[in-house]
Amino acid sequence: MSKAMDTDDLEPLKAKPKPKNLEPMSVDELHAYIAELQVEIRRVEEDIARKKKHLSAAESLFKK
């Protein structure tokens, strides 16, 4: 008996989010959206720095 292919296996593991529709947003809403994105960018940059620091510490442990 053949097993049917699961189409979920063909989907990317992380789907790229669709861009937000900016058309209905006012100028004030767009400025607020930019501020939200900047906060998220800072959060991601802090997480990258934390992970790099952790990786560097782990690498220095194994270089001895």
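Before any of the text, the structure's been laid out above.
First, a word on what this report is: a plain description of the structure on this page.

### Quick look at the overall build of the protein chain
Looking only at helices and strands, the protein chain features 1 helix and 0 strands. For the protein chain, the residues scored as buried account for 2% of the 64 residues in total. Carbon and sulfur atoms make up 60% of the accessible area of the protein chain, which totals about 6,900 Å².

### Considering the pattern of salt bridges
Applying the stated criterion to the full structure yields 3 salt bridges. Taking the shortest distance from any N to any O, the salt bridge between D47 and R50 comes out at 2.4 Å. Of this pair, D47 and R50 are both found in helix α1 (residues 27-62), 3 residues apart, which corresponds to roughly one turn of the helix. What makes D47 partly exposed here is its relative accessible area of 27%. Through salt bridges with shared partners, a single ionic network connects D47, R50 and K51.

### Concerning the environment of L30
For L30, the position within the fold is in helix α1. With a relative accessible area of 28%, L30 lands in the partly exposed category. Excluding residues that lie within four positions of it along the chain, L30 makes contacts with L22 and M25.

### Overview of the environment of L22
Relative to the helices and strands, L22 is located in the segment before α1. When residues no more than four places from it in sequence are discounted, the contact partners of L22 are L30 and Y33.

So, how was this worked out
Residues numbered from 1 in each chain as written. Predicted model: local features only at pLDDT ≥ 70, side-chain atom pairs only at ≥ 80, totals over all residues. Heavy atoms only, no water. Helix = DSSP H or I, 4+ residues; strand = E, 2+ residues; numbered from the N terminus. Buried < 20%, exposed > 50% of the residue type's maximum accessible area, 1.4 Å probe, protein only. Areas by Shrake-Rupley, 256 points an atom, 1.4 Å probe, with all protein chains shown as cover. Salt bridge = Lys/Arg side-chain N within 4 Å of Asp/Glu carboxyl O. Contact = heavy atoms within 4.5 Å.

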